[in-house]
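Inside the fold
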Amino acid sequence: MIEMREAAKVPQKLEYGDTVIIWGGKKNRSFIITLQEGEILNTHLGVIAHEDVVHQVEGSKVCSSKGHHFWVFRPKTRELMMKVKRKTQIVYPKDAGWLILALDIVPGIRVLEMGTGSGAFTILLARLVGSEGKVYTFDRRRDFLLNALNNIKIAGLSHRVEARIHLAGEPFPVEDMDAVFLDLPNPWVAIPAAYDALAPGRPIALVVPNAEQLKKAVATLEENGFLSIQAVEVLERNILVRQQQGVRPFERMIGFTAYLVSARKAGD
Ligand SMILES: C[S@@+](CC[C@H](N)C(=O)[O-])C[C@H]1O[C@@H](n2cnc3c(N)ncnc32)[C@H](O)[C@@H]1O
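Fair warning: this is a prediction, and the values are worked out from it, not measured in the lab.

Let us look at the packing of helix H2 (residues 93-103) against helix H3 (residues 120-129). Packing of H2 against H3 brings their axes to within 12 Å, and their N-to-C directions diverge by 50°. In terms of their interaxial angle, H2 and H3 are classed as oblique. Relative to H3, H2 is oriented so that their crossing is right-handed. Of H3, the residues touching H2 (which contributes Ala96, Leu99, Ile100 and Leu103) are Phe121, Leu124, Leu125 and Leu128. Considered class by class, the residues forming the contact of H2 with H3 number 8 nonpolar, no polar and no charged.

Structure, rendered in structure tokens:
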């Protein structure tokens, strides 16, 4: 029998400044908000005052002005990624899981990311490297970086991320990285610099949207001292579970997002 003598965990109450997910209504829609004094959330089913949410614990039920029920949660990492303000395509959760294992992301490591985009994958990396780790993220577009930094701030992860303007192909201003992730239309341009920035033996992963780019990226990895190269496509089918009718996959699915590639840097 496991002894349960430790004091029960006291759920922390929600405070102004916290980012939360408001989930519910007829269609189970969700909204991400940062709680602020005097503010309201306008939903299709009425208004929810932020002051009705503060001092509640996660999982509490709140009522909109039109009497509809919603629940309040702290956002999961998946929700933080999917709810970013988008200026670009983002890495989808179905691909993110495979990439995280390919990159061997664990607490305390330093990761280089090229192609910050909207910062969705940066948020995932920053959550996983923990308070001792760091994510160095680069993009050529200042406006994209500013938007991504705002998304990262909403996720409460700014202190774990350093972002800079950088053009693919130029040497990176960091070295001895534990992992490198490339999300660019032409990742092969950044592969030699990625090799220099990586510690020996450590992994690289990249995503490419079409088969021609996949061939070119893999050839460039081979030419630049990377081993153990693997390319995959990840499929995810949602299942409609109905107690009275049959259980079956939904008719619609995201058919394709990107090809994913992983490899490791060979030592000398
Ligand atoms: C698909 S987005 C990355 C999305 C990001 N992984 C996310 O989850 O939000 C690709 C990014 O690569 C950047 N990019 C494209 N070509 C580049 C280049 N040659 N040098 C630097 N950045 C580049 C774009 O500005 C864009 O922000």
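Turning next to the packing of aromatic side chains. Scanning the entire structure with this criterion turns up 6 aromatic pairs. An angle of 90° between the planes, with centres 5.5 Å apart, marks the rings of Tyr195 and Phe226 as edge-to-face. Placement of Tyr195 in helix H5 (residues 191-197) and of Phe226 in strand E12 (residues 226-232) is noted, with a sequence separation of 31 residues between them. You'll find Tyr195 and Phe226 in the same group, each marked buried. Its end group placed over the ring of Phe144, Arg141 keeps NZ or CZ at 4.0 Å from the ring centre.

Moving on, we come to the site of the ligand. Inspection of the region around the ligand gives 22 residues, with Val91, Ser118, Asp139, Ala168 and Asp183 positioned closest. One nitrogen or oxygen atom from the main chain of Gly119 is found 3.2 Å from an oxygen atom belonging to the ligand. With respect to the ligand, the side chain of Asp139 contributes an N or O atom lying 2.6 Å from an oxygen atom. Relative to its unbound accessible area of 610 Å², the ligand is 91% covered by the protein chains. Looking at side-chain class alone, the shell around the ligand contains 10 nonpolar, 8 polar and 4 charged residues.

A few words now on a positive patch on the surface. There is a patch of like positive charges on the surface, built from Lys26, Lys27, Arg29 and Lys83. On the secondary structure map, Lys27 appears in the loop between strand E1 (19-24) and strand E2 (29-34).

Within the element layout of this structure, Arg160 appears in the loop between helix H4 (142-154) and strand E9 (161-165). Buried within the structure, Arg160 lacks any salt-bridge partner; Glu132 is the closest side chain of opposite charge, at an N-O distance of 8.8 Å. Within the structure, Arg160 has its side chain in polar contact with the backbone oxygen of Gly130 (distance 3.4 Å). When sequence neighbours within four positions are dropped, the list of residues in contact with Arg160 reads Ala126, Arg127, Gly130, Ser131, Lys134 and Val135.

Turning to the domain arrangement of the protein, a few remarks are in order. Taken domain by domain, the protein consists of domain 1 (19-75) and domain 2 (79-265). Summarising the inter-unit geometry, the C-alpha centres of domain 1 and domain 2 are found 31 Å apart. Between domain 1 and domain 2, a total of about 550 Å² is buried, with carbon and sulfur atoms accounting for 59% of that surface. The interface formed by domain 1 and domain 2 holds 0 salt bridges in total. At the boundary of domain 1 and domain 2, one finds 2 residue pairs in polar contact (both at pLDDT 80 or more). Elements with a minimum of two residues in the side of domain 1 that touches domain 2: E1 and E2.

Let us look at the sheet that holds strand E6 (residues 69-73). Read across the sheet, 4 strands follow the order E2-E1-E6-E5 without closing on themselves; strand pairing throughout is antiparallel. Here the strands that pair on one side only, and so sit at the sheet edges, are E2 and strand E5 (61-63). Here the strands of the sheet are splayed against their neighbours by 30° on average, with no regard to which way each runs. With 4 bridges connecting them, E1 and E6 associate as antiparallel partners.

Below, the discussion takes up the sheet that holds E9. The pairing of strands in a sheet comes from backbone hydrogen bonds and takes either a parallel or an antiparallel form. Spatially, 7 strands are ordered E9-E8-E7-E10-E11-E15-E12 in an open sheet, and the strand pairing comes out mixed. Of all the strands in the sheet, the pair left with one neighbour each is E9 and E12. Along the sheet, successive strands turn relative to each other by an average axial angle of 15°, direction set aside.

Scoring rules and cut-offs
- Residues numbered from 1 in each chain as written.
- Predicted model: local features only at pLDDT ≥ 70, side-chain atom pairs only at ≥ 80, totals over all residues.
- Heavy atoms only, no water.
- Axes fitted to C-alpha atoms, helices over the stretch in contact; angles between N-to-C directions.
- Helix = DSSP H or I, 4+ residues; strand = E, 2+ residues; numbered from the N terminus.
- Parallel < 35°, antiparallel > 145°, perpendicular 65-115°, else oblique.
- Left-handed = near helix turned anticlockwise from the far one by under 90°.
- Contact = heavy atoms within 4.5 Å.
- Nonpolar A, V, L, I, M, F, W, Y, C, P; charged D, E, K, R; others polar.
- Phe/Tyr/Trp six-rings, centres within 6.5 Å; stacked < 30°, edge-to-face > 60°.
- Buried < 20%, exposed > 50% of the residue type's maximum accessible area, 1.4 Å probe, protein only.
- Lys NZ or Arg CZ within 6 Å of the ring centre and 35° of its normal.
- Near = heavy atom within 4 Å.
- Polar contact = N/O pair within 3.5 Å; in protein donor to acceptor, adjacent residues only side chain to side chain.
- Areas by Shrake-Rupley, 256 points an atom, 1.4 Å probe, with all protein chains shown as cover.
- Patch = residues over 30% accessible without salt bridge, like charges linked within 9 Å, V, L, I, M, F, W, Y side chains within 5 Å.
- Salt bridge = Lys/Arg side-chain N within 4 Å of Asp/Glu carboxyl O.
- Lys, Arg positive; Asp, Glu negative; His and termini not counted.
- Charge placed at Lys NZ, Arg CZ, Asp CG, Glu CD.
- Domains from an automatic or database assignment.
- Buried area = accessible area lost by both parts, 1.4 Å probe.
- Pairing = 2+ DSSP bridges.

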